[in-house]
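# Topology and contacts: notes
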Amino acid sequence: MDTKVPDRLNVDAFELRLADIADVALSQLQALSMSVGWPHRSQDWQHLLDVGHGFVAVDEIGRVSGSTMWFPHGENFATFGMLITAPRLQTNGTAEWLVKRMLEECHQERLRLNATRAARRMCATLGFLPQQTVFQCQGEILCVPQAGDIRSGLELRRLERSDLDVVVALDEPAFGTLRYQHLVRLFESSICYGLYDGSNLMAYSMRRRFGRGHVVGPVVAYCEEDAVSVVHPHVVAHVGSFLRLDTHFDAGRFASFIQQSGMSVFDTVTTMVSSKTASYGGLNAGSPIVFALASQSFG
């Protein structure tokens, strides 16, 4: 950008200033997300702060009125999310101001985001290209659909810390870049399953506390059958309770299993990228695929 984005913005009769999101109380951040109906707990915000960076918009009496964050992954790559503006500020340029400042600060060449319907047009004007729809599937698990038999010769088991390196190796070509530090952090707070063919990891899944209950993701596999196999134990563990999974799949074996379990489509967002080089991998035959996102902010 040729012109530096200002640190202050006049909105109607008051002024907003930018502040580092790390300097804001968790209670203020949670109140902001609650104001737009997002389910983030204080622990969920702390996870975001542990691995990301960002700005908030603060008004003249210290209220947090907006936020945006970015999350570095591999070389020259980041995802961004948590773009929130308080309801009273959603039509006056606050979101664009925050995103422009974020883009100015994060210095990453390849960017990926998941845009809400409200943010999609604004992100397009900033040069982001639409890629795929993300289906936010959630609900109380009512039953466990038939998962089918695990493919012959494969072993499904709970993953341990010693499995992390092979998880990272499977994940990188599917996600599109190395995200080692993020997977370490997710591994620490998740129950994980892997599908092995001898010493070769064919699929993995993670499940952790989030929002109203638990979220399943990321899930990476070579095929839908294996993706179902590693998600199945999470569904079994949550019969009668709330579970969420965000996926690019709305049809086929995997989507059918998710929706029949009780996780119906609640909302959609759009994956957008700064360039084709920021797209997900797994588009070529024989490559692993991301079947479920870690979160809409992390991808």
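This text gives an overview of the structure that appears in the document. Note that the structure is a prediction, hence the values are computed from the model and not measured.

What follows covers the overall build of the protein chain. Within the protein chain, the secondary structure is distributed over eight helices and 14 strands. For the protein chain, whose C-alpha radius of gyration is 19 Å, the value lies close to the compact-globule estimate of 19 Å for 299 residues. Across the 299 residues in the protein chain, those meeting the buried criterion constitute 53%. By sequence separation, contacts in the protein chain at least 24 residues apart represent 72% of the contacts at least 6 residues apart. Across the protein chain, the 26 positively charged side chains and the 31 negatively charged ones have centroids separated by 4 Å.

On inspection of all chains with the given rule, the structure shows eight aromatic pairs. With centroids separated by 5.9 Å and ring planes inclined at 85°, the aromatic side chains of Phe175 and Tyr280 adopt a geometry described as edge-to-face. Of the two residues, Phe175 sits in helix 5 (residues 164–175) while Tyr280 sits in the loop between strand 13 (264–273) and strand 14 (289–292), which places them 105 residues apart along the sequence. Of the residues examined, Tyr280 reaches a relative accessible area of 9% and is grouped as buried. Look at Phe249 and Phe291: their rings are 4.6 Å apart centre to centre, the planes differ by 15°, and that puts the pair in the stacked class.

Following Gly217, the chain continues into Pro218 via a peptide bond in cis, with omega recorded as 0°. Looking at the secondary structure, you find Pro218 in strand 11 (residues 213–221). One non-glycine residue with positive phi stands out, namely Met82, at about 55°. Judged by relative accessible area, which is 3%, Met82 ranks as buried. We note that His107 has phi near 55°; this positive angle belongs to a residue other than glycine. In this structure His107 comes out as exposed when scored by relative accessible area, which is 62%.

Within the largest apolar cluster, 43 residues are counted, with the highest numbers of intra-cluster contacts made by Trp45, Val56, Met69, Tyr204 and Met206. Ranked by the residues each element gives to this core, the list is headed by helix 5, at six residues. Setting aside anything within four residues of it in sequence, one finds Met206 in contact with Val167, Leu183, Leu186, Phe187, Ser190, Ile191, Cys192, Val215, Val216, Gly217, Pro218 and His234. Formed by 24 residues, the second largest nonpolar core is a distinct cluster that contains Ala147, Leu195, Val219 and Ile258.

Moving on, we get to helix 5. Taking 1.5 Å of rise per residue, twelve residues should cover 16 Å, and helix 5 covers 16 Å from first to last C-alpha, within 8% of that figure. In the core, the buried residues of helix 5 are packed alongside strand 5 (77–85), strand 6 (110–115), helix 6 (180–188), strand 10 (200–210), strand 11 and strand 14.

Relative to the assigned elements, Ser295 resides in the segment after strand 14. Only 3.0 Å separates the side chain of Ser295 from the backbone nitrogen of Phe298, close enough to count as a polar contact. When near neighbours in sequence (up to four residues on either side) are disregarded, Ser295 contacts Asn114 and Arg208.

A few words now on the packing of helix 5 against helix 6. Between helix 5 and helix 6, the least distance of the axes is 10 Å, while the angle of their chain directions is 130°. The angle between helix 5 and helix 6 falls in the class oblique. Remark: the crossing between helix 5 and helix 6 carries right-handed chirality. Of helix 6, the residues touching helix 5 (which contributes Leu164, Asp165, Val167, Val168 and Asp171) are Tyr180, Leu183, Val184 and Phe187. Residues of the contact of helix 5 with helix 6, tallied by class, amount to seven nonpolar, no polar and two charged.

With that out of the way, let us pick up a nonpolar patch on the surface. On the surface, a nonpolar cluster with roughly 210 Å² of combined accessible area is contributed by Val144, Val236 and Val239. Its place among the elements puts Val236 in helix 7 (residues 224–237).

Thresholds, definitions, all that
- Residues numbered from 1 in each chain as written.
- Predicted model: local features only at pLDDT ≥ 70, side-chain atom pairs only at ≥ 80, totals over all residues.
- Heavy atoms only, no water.
- Helix = DSSP H or I, 4+ residues; strand = E, 2+ residues; numbered from the N terminus.
- Rg over C-alpha atoms; globule rule 2.2 N^0.38 Å.
- Buried < 20%, exposed > 50% of the residue type's maximum accessible area, 1.4 Å probe, protein only.
- Contact = heavy atoms within 4.5 Å.
- Lys, Arg positive; Asp, Glu negative; His and termini not counted.
- Charge placed at Lys NZ, Arg CZ, Asp CG, Glu CD.
- Phe/Tyr/Trp six-rings, centres within 6.5 Å; stacked < 30°, edge-to-face > 60°.
- Core = buried A, V, L, I, M, F, W, Y, C linked by side-chain atoms within 4.5 Å.
- Expected span 1.5 Å × (residues − 1).
- Polar contact = N/O pair within 3.5 Å; in protein donor to acceptor, adjacent residues only side chain to side chain.
- Axes fitted to C-alpha atoms, helices over the stretch in contact; angles between N-to-C directions.
- Parallel < 35°, antiparallel > 145°, perpendicular 65-115°, else oblique.
- Left-handed = near helix turned anticlockwise from the far one by under 90°.
- Nonpolar A, V, L, I, M, F, W, Y, C, P; charged D, E, K, R; others polar.
- Patch = residues over 30% accessible without salt bridge, like charges linked within 9 Å, V, L, I, M, F, W, Y side chains within 5 Å.
- Areas by Shrake-Rupley, 256 points an atom, 1.4 Å probe, with all protein chains shown as cover.
- Salt bridge = Lys/Arg side-chain N within 4 Å of Asp/Glu carboxyl O.

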